[in-house]
Amino acid sequence: MADSTTPDAAAGRCDPARFETFAAGHPFTLYAAAREKEPVALFEHEGWRYRYHVLTRYADIDSVSRDTDNFTSTHGFRLPHLEEGCQPPSEIAETISSTFMGSDPPKHGITRKVLQPHFMPSMLRQIDEEVQGAVDGLIDRLRDRESIEFVSEFAAIVPIFTLMRLLGAPEGDAEKIYDWTNRLVGANDPEYNSEPAQSAAAFMEVFNYGTALLEERETSPSGDLLSAVAMLPKSDSREEMARRGLFTTLLAAGNETTRNSLTGAIIGLTKFPDQKQALIDDPSLIPNAVREIVRYVSPVFQMMRFAKRDVEVGGRKIAEGEAVVMLYGAANRDPAMFEDPDRLDVRRANANRHLGFGVGVHRCIGAPVATLQLEKMIAALLTNFPMIKAASEPDYLRSNFVSGIKRLDVRLR
Ligand code: HEM
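Quick notes on the rules
- Residues numbered from 1 in each chain as written.
- Predicted model: local features only at pLDDT ≥ 70, side-chain atom pairs only at ≥ 80, totals over all residues.
- Heavy atoms only, no water.
- Phe/Tyr/Trp six-rings, centres within 6.5 Å; stacked < 30°, edge-to-face > 60°.
- Helix = DSSP H or I, 4+ residues; strand = E, 2+ residues; numbered from the N terminus.
- Buried < 20%, exposed > 50% of the residue type's maximum accessible area, 1.4 Å probe, protein only.
- Lys NZ or Arg CZ within 6 Å of the ring centre and 35° of its normal.
- Salt bridge = Lys/Arg side-chain N within 4 Å of Asp/Glu carboxyl O.
- Core = buried A, V, L, I, M, F, W, Y, C linked by side-chain atoms within 4.5 Å.
- Contact = heavy atoms within 4.5 Å.
- Pairing = 2+ DSSP bridges.
- Polar contact = N/O pair within 3.5 Å; in protein donor to acceptor, adjacent residues only side chain to side chain.

*Asks:* Just to check I follow, could you spell out the packing of aromatic side chains for this structure?
*Replies:* Counted according to the given criterion, the structure contains 13 aromatic pairs. Aromatic pair tyrosine 50 and phenylalanine 306: ring centres 4.8 Å apart, planes at 75 degrees, arrangement edge-to-face. A residue pair is termed long-range when its members are at least 10 positions apart, and tyrosine 50 in the loop between β1 (40–43) and β2 (52–55) and phenylalanine 306 in strand β5 (residues 302–307) qualify at 256 residues. Judged by relative accessible area, which is 21%, tyrosine 50 ranks as partly exposed. Measuring from ring centre to ring centre gives 5.1 Å for tryptophan 180 and tyrosine 209, while their planes differ by 70 degrees; the resulting arrangement is edge-to-face. Highlighted residues: tryptophan 180 in helix α9 (residues 174–185) and tyrosine 209 in helix α10 (residues 196–219), separated in sequence by 29 residues. Each member of the pair tryptophan 180 and tyrosine 209 is classed as buried. A network of ring pairs unites the aromatic residues Phe43, Trp48, Tyr50, Tyr52 and Phe306 as a single cluster. The lysine or arginine in question, arginine 13, covers the ring of phenylalanine 43, its NZ or CZ lying 4.0 Å from the ring centre.

Set out below in structure tokens:
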């Protein structure tokens, strides 16, 4: 188990800078121990100049996320893994940190306001039918199959299709984009990148591809999401990087997360067959089930903020310039917020309070698109394959950022 492989873990301390902490997905036992013993735990690393506090309580993560007076995202929004030789080249690190996610109000709000309308239900209705068509087409192709490799044959496909439609990327580029997203999010997984430079190269390839699409929209705007991005100000070089980086941000943020929510849903519904049956018997429960699935799965391990001044969190002092790391999986299993938190309960009354999408000004802008896809995919799978179940252990991505599953065998009947 990942829970006891390091001295920190043995002492109930959960260090998200280390890959082994997440080697078997979320270390829920360790989260519980940390929440109990030291819910705001201070860490230091030789490889990093900042001290960081790791938060495991729902209330603390909720309050830091909402507190943009005292916390900033501009010095980095995720804790790097601190194993030697894994850091990206500094110019890439700088480009990443100058993105939309790494901005604060009021600047952050300018971009958010331009993007937001494209994620409203009225806009999403325009892609609703196409997403349904993609889901139905996939189901048709699997009709005669007994079992499948679920990630590559189902879970990964609809999110890529949806994002490409949303971003107006040419249909023929799907395979290229699939490869890029694996290499971006799997930056530290040897299966996708034998060395960090390869992931950095993927980052630059996507960045340049997105920039080329953006330049097309500048000369001939079409009213789509990228055309709106094309209208954003480009007053200095950092802002211009942020503007060009939006394509990469959306692609990286929207793909794996949705894919892993669905794969995690199949694992959860296999573990709790009564909950699967409840959805088959009453599909009107699916919207709440999707909220519960995002809580239960928590596809993003962590986000980070830096203290702008000395501040207190959960009774502990955080000094100016120190980081706080928010473990969403720990917040989402906090018994102070969710009764019987390790149970997947599709009728859970407060499932909508989960922090899987974050909260506050940076709350996931893509949540409505992810929700739309998850509702359609889960409904279609359960209608057509009511016997569906996970048939292998998940093969986890090596990451301290997203809870990724690379492969899962699934029986359809
Ligand atoms: C189930 C799927 C998803 C999950 C669990 C998820 C989770 C998250 C989380 C935890 C954050 C950070 C919140 C914070 O820092 O407070 C975030 C931000 C973001 N997500 Fe998602 N996400 C998902 C799907 C998507 C999709 C489909 C898109 C795009 C189409 C997307 C685009 C973004 C963007 C652009 C941000 C940055 C928002 C900001 O800084 O204002 N996400 N997401």
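*Asks:* Would you mind showing me how to read the pattern of salt bridges here?
*Replies:* Two side chains of opposite charge can pair, provided their charged atoms sit close to one another. All told, the structure shown has 30 salt bridges when counted by the stated rule. The shortest N-O distance in the salt bridge between glutamate 322 and arginine 51 comes to 2.7 Å. Taken together, the residues span a long stretch of sequence, with glutamate 322 in the loop between β7 (316–318) and β8 (323–327) and arginine 51 in the loop between β1 and β2 at a distance of 271 residues. By relative accessible area, glutamate 322 is classed as buried at 8%. Across the salt bridge formed by glutamate 240 and arginine 243, the nearest N and O atoms sit 2.8 Å from each other.

*Asks:* Before we go on, may I ask you to explain the nonpolar core in this structure?
*Replies:* Note on soluble globular proteins: their nonpolar side chains tend to be buried together. Ranked by internal contacts, the top residues of the largest apolar core, which has 103 residues, are Phe150, Phe154, Leu262, Leu279, Ile378, Leu381 and Ile388. Sort the elements by how many residues they give to this core and helix α16 (residues 367–384) lands first, with 10 residues. In this structure, phenylalanine 154 is in contact with Leu138, Ile139, Leu142, Ile148, Glu149, Leu262, Met377 and Leu381, ignoring residues within four places of it in sequence. Listed in part, the 21 residues of the second largest apolar core include Ala17, Leu79, Leu82 and Leu327.

*Asks:* When you look at the pairing of β5 in this model, what are you seeing that I'm missing?
*Replies:* A regular strand places its side chains on the two faces of the sheet in alternate fashion. Counted residue by residue, β5 has six buried out of six residues, so it is predominantly covered. Because side chains alternate across β5, one face comprises the buried residues Gln302, Met304 and Phe306, and the other comprises Met303, Arg305 and Ala307, equally buried. Looking at chain direction, strand β3 (residues 71–72) and β5 are connected through two bridges and run antiparallel. Counted as the bridge partner of threonine 72 is phenylalanine 306 from β5.

*Asks:* Looking at this structure, how should I read the side chain of asparagine 400?
*Replies:* Position of asparagine 400 relative to the elements: it lies in the loop between β10 (395–396) and β11 (405–407). Exposure remark for asparagine 400: the relative accessible area of 1% places this residue in the buried category. Side-chain polar atoms of asparagine 400 contact the backbone oxygen of proline 16, separated by 2.9 Å. Within polar-contact distance, the side chain of asparagine 400 engages the backbone oxygen of leucine 79 at 3.3 Å. Not counting the four nearest positions on each side in its chain, asparagine 400 is found in contact with Pro16, Ala17, Phe19, Phe22, Arg78, Leu79, Pro80, His81, Phe301 and Gln302.

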